[in-house]
Amino acid sequence: MDKSGTIDFKLWWGLLGCAALMIAILLAAPYGDDIQFLSDAGASWYFWQLPEPTAITRASAWLSYALHQLAIWWLIYWAQSSKLSYTQGLHPVNRWALGVNAVFVVWHIVQTRLWYDGLAPDVSIWSSMGSVAIMLMLVVIMENQRRGVAFGKKVSWLSEAGRFLRKYHGYYFSWAIIYTFWYHPIEMTLGHLLGTFYVLMLLLQGSLFFTRTHTNKYWTGLLEVFVLLHGTLVAVLSLEGHNGGQFLFGFAAIFIITQMHGLGLSKAARWGIFTAFVIGMLLFYQDRPMAMLDEPLRIPIIYLVFVPALALLALALKKFSKLPLKD
């Protein structure tokens, strides 16, 4: 996917826009301070939702989400139908995508202030978390030809699935990002703020299709690794008694196994990162029960199972949908 490691000005301007939206979120606060939330009911319960949603609160979230989603899907279709080539600058459709996403982000701030709720009362938290997890695993398949799947080694049978996903991934990725964005109301906890900033960066990435920035290896690498910081922090802050080791070392293991091999790091740098990972894990778990030692393996095992399964699903979709694959 990546052809260049140069970070250009439009990315910096985009990140400045993300920062401006975060400032707007801070200035518009507070959001749910006057709401009496229901008691936390466990891992499947999403705490930040109205105790008694109404037709208006539901309609405000679902209609907003649907309009946002359909608008971006239409822009992706427009871009692909126009047979655009990758350029350093912005196509008109990129400006439309940036504008549409910015408008709906601002509207979500207003919508939260007015009615608070997102999609959470009607759909499971696992649908939001799972959609983004699948997106990250699809990236592994798409990047197989460039960086391999494990320690730089390419898996030949994933190539065709990766080619199919590189052409059509925008429809799924935009759904995963926009659905997750509207699942949550805007909130001021550190976990929410970090998650919102992550989604804003993903929306920025999704708006830059058919530009060189969209395939920049350092930028896309940052987007993949950012889940390590977000997942660990949310686990520590939100899950009672959770130390975050599963997310910290699990996603760090994915970085070492797969992601860092696409960054052009020297052999010494890769060994240094691996050594720091091992030392950090030994220090972290030295005083913890033996039963917790499987934590760093959980996320890599999930990837090991689901990456080939998703590749097979992509191949089946390619075969039975008969979607064109010509670039």
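The coordinates are above.
Rules used throughout
- Residues numbered from 1 in each chain as written.
- Predicted model: local features only at pLDDT ≥ 70, side-chain atom pairs only at ≥ 80, totals over all residues.
- Heavy atoms only, no water.
- Helix = DSSP H or I, 4+ residues; strand = E, 2+ residues; numbered from the N terminus.
- Axes fitted to C-alpha atoms, helices over the stretch in contact; angles between N-to-C directions.
- Parallel < 35°, antiparallel > 145°, perpendicular 65-115°, else oblique.
- Contact = heavy atoms within 4.5 Å.
- Nonpolar A, V, L, I, M, F, W, Y, C, P; charged D, E, K, R; others polar.
- Expected span 1.5 Å × (residues − 1).
- Bend = angle between axes of the 7 residues up to and from the residue.
- Core = buried A, V, L, I, M, F, W, Y, C linked by side-chain atoms within 4.5 Å.
- Buried < 20%, exposed > 50% of the residue type's maximum accessible area, 1.4 Å probe, protein only.
- Polar contact = N/O pair within 3.5 Å; in protein donor to acceptor, adjacent residues only side chain to side chain.
- 1 Å grid on protein atoms, 1.4 Å probe; cavity = no way out; pocket = protein on both sides within 12 Å on 5 of 7 lines; lining within 4 Å.
- Points joined across faces, edges and corners; volume = space filled by probe spheres on them.
- Patch = residues over 30% accessible without salt bridge, like charges linked within 9 Å, V, L, I, M, F, W, Y side chains within 5 Å.
- Areas by Shrake-Rupley, 256 points an atom, 1.4 Å probe, with all protein chains shown as cover.
- Salt bridge = Lys/Arg side-chain N within 4 Å of Asp/Glu carboxyl O.

In this section: the environment of S124. Turning to its location among the elements, S124 is positioned in the loop between α3 (92–115) and α4 (125–142). Along the backbone, S124 and W45 are 79 residues apart, and their C-alpha atoms lie at a distance of 7.9 Å.

Orientation of helix α2 (residues 55–81) relative to α3, taken along the N-to-C sense of each, is 175°, at an axis distance of 10 Å. When the axes of α2 and α3 are compared, the pair comes out roughly antiparallel. Taken together, the residues of α3 that come into contact with α2 (itself represented by I56, T57, S60, A61, S64, L67, H68, A71, I72, L75, W78 and A79) are V93, W96, A97, V100, N101, F104, W107, Q111 and W115. Within the contact of α2 with α3, the residues separate by chemical class into 15 nonpolar, six polar and no charged.

A word on helix α6 (residues 159–183). Because each turn of an α-helix spans 3.6 residues, side chains separated by three or four positions in sequence point in the same direction. Between its first and last C-alpha, α6 extends 33 Å over 25 residues, near the 36 Å set by a 1.5 Å rise per residue. Most pronounced at Y168, the bend in α6 amounts to some 65°.

Moving on, we get to the nonpolar core. Among the nonpolar cores identified, the biggest contains 89 residues, and I141 and Y303 are the most heavily contacted of them. By residue number, the principal contributor to this core is α6, which donates twelve residues. In this structure, Y303 is in contact with L136, M137, V140, F251, I254 and P308, ignoring residues within four places of it in sequence.

On to the side chain of T57, then. Its location among the elements puts T57 in helix α2. The class of T57 is buried, set by a relative accessible area of 7%. Engagement of the side chain of T57 in a polar contact is seen with the backbone nitrogen of T54, the distance being 2.8 Å. Apart from residues lying up to four places away in sequence, T57 is in contact with L50, Q111, W115 and D117.

What follows covers the layout of surface pockets. By volume, the largest pocket is sized at about 1,500 Å³. In terms of lining, the largest pocket is formed by 50 residues, of which the most central are I125, M129, H230, V234 and F247. Those elements that place two or more of their residues in the lining of the largest pocket are α4, α6, α7 (190–207), α8 (217–238), α9 (245–257) and α11 (295–321). Counting residues per element, the lining of the largest pocket draws most heavily on α4, at nine residues. A breakdown of the residues in the lining of the largest pocket according to their chemical character gives 31 nonpolar, 16 polar and three charged. In this model, the second largest pocket occupies a volume close to 1,200 Å³. Lining the second largest pocket are 44 residues, with Y86, R166, K167, H169 and H214 sitting closest to its centre. The leading source of residues in the lining of the second largest pocket is α6, at ten residues. Class assignment of the residues belonging to the lining of the second largest pocket gives a composition of 22 nonpolar, twelve polar and ten charged.

An ideal rise of 1.5 Å per residue puts 39 Å on 27 residues; α11 measures up with 39 Å between its terminal C-alpha atoms. At F306, α11 is bent by approximately 25°, the largest bend along its length, and proline P308 sits one to four residues beyond. Taken residue by residue, α11 has E295, P296, I299, P300, Y303, V307, L310, A311 and A314 as its buried positions. Buried residues in α11 make contact with α4, α6, α9 and α10 (267–285). Within two residues after α11, K322 carries a phi angle of roughly 55°, on the positive side.

Quick look at a nonpolar patch on the surface now. A surface patch of nonpolar side chains, amounting to about 580 Å² of accessible area, comprises L297, I301, I302, L304, V305 and F306. Counting through the fold element by element, L304 comes out in helix α11. For L304, a relative accessible area of 65% puts it in the exposed group.

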